[in-house]
Amino acid sequence: MVPVQCYFVLSALLFFIGVYGFVTRRNLIAMLISIELVLNAVDINFAAFNRLLFPGLNEGFFMTLFSIGISAAESAVAIAIILNVYRNFKSDTVDSITNLKN
Amino acid sequence: MDYGYTIFILLLPLFSFLVLGLVGMKMSHKAAGLIGTCSLGLVTILSYYCAFQYFSADRVHGIYQTIVPYNFTWLPLGNLNFDMGIMLDPISVMMLIVISTVSFMVHIYSFGYMHGEKGFQRYYAFLSLFTMSMLGLVLATNIFQMYMFWELVGVSSYLLIGFYYPLHAAVAASKKAFIVTRFADGFFLVGILIFGFYTGSFSFSFVGQPAPLLMGGGSTPFIIGDAAKAVAAGGFILPTALTLMFIGGAGKSAMFPLHIWLPDAMEGPTPVSALIHAATMVVAGVYQVARMFPLWIEYAPQAMSIIVWIGVITAFYAAAVACAQTDIKRVLAFSTISQIAFMMVALGVCTEAVTGHEHPGSVGYLAGMFHLFTHAMFKACLFLGAGCIIHAVHSNEMALMGGLRKYMPVTHITFLISCLAIAGIPFFSGFSSKDEIISACMNYSPVVGWIMTGIAAMTAFYMFRLYYGIFWGTENKEAHEHHTPHEAPLTMTVPLIVLSVITVGVGIYTTLAGFLGWGGSFGSFVSADGHDYTIHFDATVAAVSTVIAICSICLATYIYKGEEQPIADRLYTTFPKLWRAAYKRFYQDEIWQFVTHKIIFRCVSRPIAWFDRHVIDGTFNFAAWGANEGGESLRVWQSGDVRQYAVWFLTGAVALTLILLAI
Amino acid sequence: MANIVMFAILAVVILGSAVMCVTTKRIMRAATFMLFVLFGVAGLYFLLDYTYLGAAQISVYAGGVTMIYVFAIQLVSKRTLQGMVEKIKCSRAIGAAVLAVVGLATVAFVFLKNELICRAADVVDAEVPMRTIGQALVGSEKYQYVLPFEFISIFLLACIIGALVVSRKVKED
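Since this is a predicted model, take the numbers as computed values, not measurements. (Residues numbered from 1 in each chain as written. Chains lettered and ligands numbered in written order. Predicted model: local features only at pLDDT ≥ 70, side-chain atom pairs only at ≥ 80, totals over all residues.)

S.K.: Please give an account of the overall build of chain B that cites residues and values.
M.R.: On a plain count of helices and strands, chain B comes out with 26 helices and 2 strands. When burial is assessed residue by residue, chain B has 50% of its 663 residues classed as buried. (Helix = DSSP H or I, 4+ residues; strand = E, 2+ residues; numbered from the N terminus. Buried ≥ 20, exposed ≤ 12 C-beta atoms within 10 Å, placed from the backbone.)

So, in structure tokens, the structure goes:
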């Protein structure tokens, strides 16, 4: 079997790539995509730990399952918000939403 | 012996005040007046009955017992309690008679005088309030209750002086009276607190007990709480407390230099002046000294010289100013100040043993109280008479009067009787009291005695100047054509007649008693140590004072009686500045104004106001400004950029982890 | 042995696609790369013998979520599709890179200090049976997940309704 450190390193790298993408990108949808990367990294972590460190138990499995479901729901809501923002501000970049500035 | 009914003496006027105050405006004038007068009538009857019962009771060891029908603790404060109660002893019963009689007369008189005035019901309500407060003051069982009613009396005076509140002068006068007396009451309160703190109680438990000093030897000491503690704390404590209390009394009794409010208080209606500023409220200071008298004798005999000299200065000052006033009420006001000073001096000289009399040293006390009684009667009569005159002539100024004796006979006769009484002619009540005062002064110190005799002469002089100015001299013909002065209605003349009858009656009896040695005179009721004291007139003193009084009257007659007054006019031209200064009351008001405006306002109040506005307010404004600025500066950090928030969030999380790892 | 090779291939796919995803300037490409990442992750699940999870990943994530994103991109980023690209500020990129590296280092440090990973247990080389999964999802005993299951159903419903409400067209009166 693949040792658990490999899975861990992989998920950590994926997580921080997602963070980098979130901080760097201006397009709203691109930011959301980066968030999806983060979530997937976390899912990998859960599944790997469960399978390789605690084989008899199933918590990580179900955690991952529910996380997938929740991410889907959250993406839907976020897209709806972005559509609303686009309608009101006529722009898809995050710079346009500056109502809270100062 | 049941004195339970005495509570009604206090409750009846209180009740009538509440009724008239709350629903008076809905009543007719007549109903309001009747309610006030009838309740006062009842109070008078009760007071007389109480006096009769008290003085016909048996004496114990030759002294009338002090009776306390009611005394309950109102505010318990550890050792010191504030009690409320009623105490009956010779001077308080005597004051009951004086207050109720004069108040009743004033109530009847006001029916006629205030007829048709707006606010008639309010006037009677305030009169009842005043009567209740004054009665409570004299019946007090402890100094603190006296102080409370003292303040109430001041409030009633304020309300009544400012009765004609649309008049600016009346409002200013009422404020002045209240502020000056309140200022003096500050000292009174400090005196009370010192007294209470050091002696451990406020109450007059020493009244009615024998006075060792006056008895001429060490006997039972006073039981005033913890007197030993007071004395041990330092010989100055009790004299200081008593002197401070005296200052409070001096304010209320218009002693120099706190007298400035009394002449201005004449802005109130004349019956009010008669009741409050002649007969009752202004004697509150004298009553207070008399009440604390055993303490003065025992612990502060040297301080009594303060009382004497302030009294002498006041008497002389007031008499001098009265000689130059042209407003009849002002003349009477200054005369009141002078006479009250006589009473104070009488109380103050009562320290030395007086030889040749039955009991040493008690003459002054007796004389002061007696003068209080007689003065109340004849001064009230004078003021009410002045009210009749003002009512007839519609002015206060002497210049517009003259020759009124033809039009107002009753007023004329009663006024003359009272003038003779105040001048000290035998067979009028003023003679007996004033004679006793002067003889007491003579025994204290001849200097004081002769000064007081001189002032008595001045008194006779200016009173007869007033009398002649009103009732003799040239008539004011043109004013009389418009409106012939007529005699006052019955409601106004009956009180005059009653008061002058009292004056004459008391005068005849006491004069004869003094010369012939009868008992049953004033001294048998009220005296310093409580024992029966038969007044004997010292023939020399009596003769001297009578002669001097008659001389002054003749002088006044000579100067002022005729149609023309050439001598008076010549005096004006010879001493214009002196006359002017006397007319302006020797600039006392201006001096007080200077002190308050230039000194107190500028040097004390203004810095304090500056401090309040700039330092205290400034601190809070600065704190608010600081919070505002802080908020403004923090606001800039809100960029509205979600990504930046994420960066900071993550940075924080990483930093926290590193810190926790390091630890 | 085969596992490690498979893992290496999948890792390369995932990481390569992720890096491309966050650095590309064209939004459609980003979505596509995300799709590749999702497929890679599904492969990892299959490697871990979580077949059900892998199937769920493919159907929900790779199928549903990616479709949502593609539709959203079509609706919103017209100009981007037409070729106008997004500029990425240089300073921000460097800052983010630094942050990422620091974070990575921290996490790695924490992980390696931890003794948890030393316990590599014996692995039963079999997948979790479907029956167990099914019973766990609707069972109410300890270690069984009926409550989260029901909750997530309602949650999904709420999100659907919320999304509809938020994004409906406001009628012009």
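Back to the text.
S.K.: Report on the overall build of chain C, specifying residues and quantitative values.
M.R.: Of the regular secondary structure elements, chain C holds 7 helices and 0 strands. Counting helices and strands in the order they occur from the N terminus, chain C gives α-α-α-α-α-α-α. Split into buried and exposed, the 173 residues of chain C put 21% on the buried side. The long-range share in chain C, meaning contacts at least 24 apart out of those at least 6 apart in sequence, stands at 49%. (Contact = placed C-beta atoms within 7 Å.)

S.K.: I'd like a description of the interface of chain B and chain C, backed by residues and values.
M.R.: Listed per partner, the contact involves 7 residues of chain B and 5 residues of chain C. Across the side of chain B that touches chain C, the residue classes tally to 5 nonpolar, 2 polar and no charged. (Nonpolar A, V, L, I, M, F, W, Y, C, P; charged D, E, K, R; others polar.)

S.K.: Quick rundown of the interface of chain C and chain A? Include the residues and the values.
M.R.: At the interface, 69 residues of chain C touch 57 residues of chain A. Counting residues per element, the ones that place at least two in the side of chain C that touches chain A are helix 1 (2-23), helix 2 (27-47), helix 3 (51-76), helix 5 (90-113) and helix 7 (146-167) of chain C. Considering each element in turn, the side of chain C that touches chain A owes the most residues, 13 residues, to helix 3 of chain C. By residue class, the composition of the side of chain C that touches chain A is 57 nonpolar, 8 polar and 4 charged.

S.K.: Any chance you could break down the environment of glycine 454 of chain B for me, citing the residues and the numbers?
M.R.: Topologically, glycine 454 of chain B is positioned in helix 19 (residues 446-471). With 95 residues separating them in the primary sequence, glycine 454 of chain B and alanine 549 of chain B have C-alpha atoms 9.4 Å apart.

S.K.: Explain the nonpolar core residue by residue, including any values.
M.R.: Counting 198 residues, the largest nonpolar core has Val345 and Ala380 of chain B as its most contacted members. Among the elements that line this core, the one with the most residues is helix 16 (residues 363-393) of chain B, at 20 residues. With near-sequence residues (within four places) excluded, alanine 380 of chain B lies in contact with Val102, Met105, Ala274, Ala278, Ala279 and Leu499 of chain B. Listed in part, the 69 residues of the second largest apolar core include Leu10 and Tyr86 of chain A together with Leu47 and Leu48 of chain C. (Core = buried A, V, L, I, M, F, W, Y, C linked by C-beta atoms within 7 Å.)

S.K.: Let's hear about the pairing of strand 2 (residues 80-88) of chain B: which residues, and what values?
M.R.: Residues and elements named next belong to chain B. Alignment of strand 1 (residues 67-77) against strand 2, held across 8 bridges, turns out to be antiparallel. Across the sheet, residue leucine 77 finds its bridge partner in strand 2, namely leucine 80. Hairpin connection, strand 1 to strand 2: the antiparallel pair is bridged by 2 residues, and glycine 78 has positive phi, about 70°. (Pairing = 2+ DSSP bridges.)

S.K.: An account of helix 4 (residues 120-138) of chain B is needed here, citing residue identities and associated values.
M.R.: With 19 residues, helix 4 of chain B extends 27 Å between its outermost C-alpha atoms, agreeing within 8% with the 27 Å of an ideal straight helix rising 1.5 Å per residue. The element helix 4 of chain B is extensively covered by neighbouring structure, given that 18 of its 19 residues are classed as buried. (Expected span 1.5 Å × (residues − 1).)

S.K.: Go over the environment of arginine 643 of chain B with me, naming the residues and quoting the values.
M.R.: Take arginine 643 of chain B: it is sitting in helix 26 (residues 642-662). Judged by the 18 C-beta atoms lying within 10 Å of it, arginine 643 of chain B is partly exposed. Apart from residues no more than four positions distant in its own chain, arginine 643 of chain B is found in contact with Phe22, Val23 and Val94 of chain A.

S.K.: Break down the confidence of the model for chain C for me, citing the residues and quoting the values.
M.R.: Fine structural detail should not be taken from predicted coordinates in areas where pLDDT scores are low. All names here are of chain C. For chain C, mean pLDDT is 83; residues scoring 70 or higher make up 85% of the total. Confidence, read as mean pLDDT per element, is least for helix 4 (residues 78-81) in chain C (60) and greatest for helix 2 (93). As scored by the predictor, the complex reaches a pTM of 0.69 and an ipTM of 0.89. (pLDDT = per-residue confidence, 0-100.)

S.K.: Can you break down unusual backbone geometry residue by residue, with the values?
M.R.: Residue proline 257 of chain B follows phenylalanine 256 of chain B across a cis peptide bond; omega there is -5°. Locating proline 257 of chain B in the fold gives a position in the loop between helix 9 (237-252) and helix 10 (261-264). One non-glycine residue, alanine 254 of chain B, lies in the positive phi region at around 60°. Among the structural elements, alanine 254 of chain B can be located in the loop between helix 9 and helix 10. Residue alanine 254 of chain B is classed as buried on the basis of its 30 C-beta neighbours within 10 Å. A positive phi angle, close to 65°, is found at aspartate 49 of chain C, a residue other than glycine. Secondary-structure assignment places aspartate 49 of chain C in the loop between helix 2 and helix 3. On the basis of neighbour counts, which here come to 18 C-beta atoms within 10 Å, the residue aspartate 49 of chain C falls in the partly exposed class.

S.K.: Could you give me a rundown of the packing of helix 12 (residues 284-291) of chain B against helix 15 (residues 328-348) of chain B, with the residues and numbers involved?
M.R.: Residue and element names in this part refer to chain B. Put simply, helix 12 and helix 15 touch, their axes get as near as 10 Å, and they point 10° apart. Classified by the angle between their axes, helix 12 and helix 15 sit roughly parallel to one another. Every residue of helix 15 that contacts helix 12 at Val286, Val289 and Ala290 is listed here: Ile340, Met343, Met344 and Leu347. Of the residues belonging to the contact of helix 12 with helix 15, the class tally is 7 nonpolar, no polar and no charged. (Axes fitted to C-alpha atoms, helices over the stretch in contact; angles between N-to-C directions. Parallel < 35°, antiparallel > 145°, perpendicular 65-115°, else oblique.)

S.K.: How would you sum up the confidence of the model for chain B? Please name residues and give values.
M.R.: Residue and element names in this part refer to chain B. With 88% of its residues at a pLDDT of 70 or more, chain B has an overall mean of 82. In this model residues 210-225 is a low-confidence stretch, pLDDT under 50, and it forms 41 contacts with partners more than four residues away in sequence or in other chains. Note on residues 353-360: pLDDT is under 50 here. Beyond four places in sequence and across chains, it has 16 contacts.

S.K.: Go over helix 18 (residues 429-444) of chain B with me, naming the residues and quoting the values.
M.R.: Here helix 18 of chain B spans 24 Å end to end across 16 residues, near enough to the 22 Å set by a 1.5 Å rise per residue. Across the 16 residues that make up helix 18 of chain B, a large majority, 16, are buried.

S.K.: A description of the packing of helix 3 (residues 59-89) of chain A against helix 3 of chain C should follow, citing residues and the corresponding values.
M.R.: The contact between helix 3 of chain A and helix 3 of chain C brings their axes to 10 Å, and the two run at 5°. What the angle tells us is that helix 3 of chain A and helix 3 of chain C run roughly parallel. Together, Phe61, Thr64, Leu65, Ile68, Gly69, Ala72, Ser75, Ala76, Ile79, Ile82, Leu83 and Tyr86 of chain A of helix 3 of chain A and Leu53, Ala56, Gln57, Val60, Tyr61, Gly64, Val65, Ile68, Ala72, Leu75 and Val76 of chain C of helix 3 of chain C make up the contact between the two elements. In terms of residue class, the contact of helix 3 of chain A with helix 3 of chain C is built from 18 nonpolar, 5 polar and no charged.

S.K.: Talk me through the environment of alanine 80 of chain A; I want residue IDs and the actual numbers.
M.R.: Assignment of secondary structure puts alanine 80 of chain A in helix 3. Under the C-beta neighbour-count criterion, alanine 80 of chain A is labelled buried, with 21 such atoms within 10 Å.

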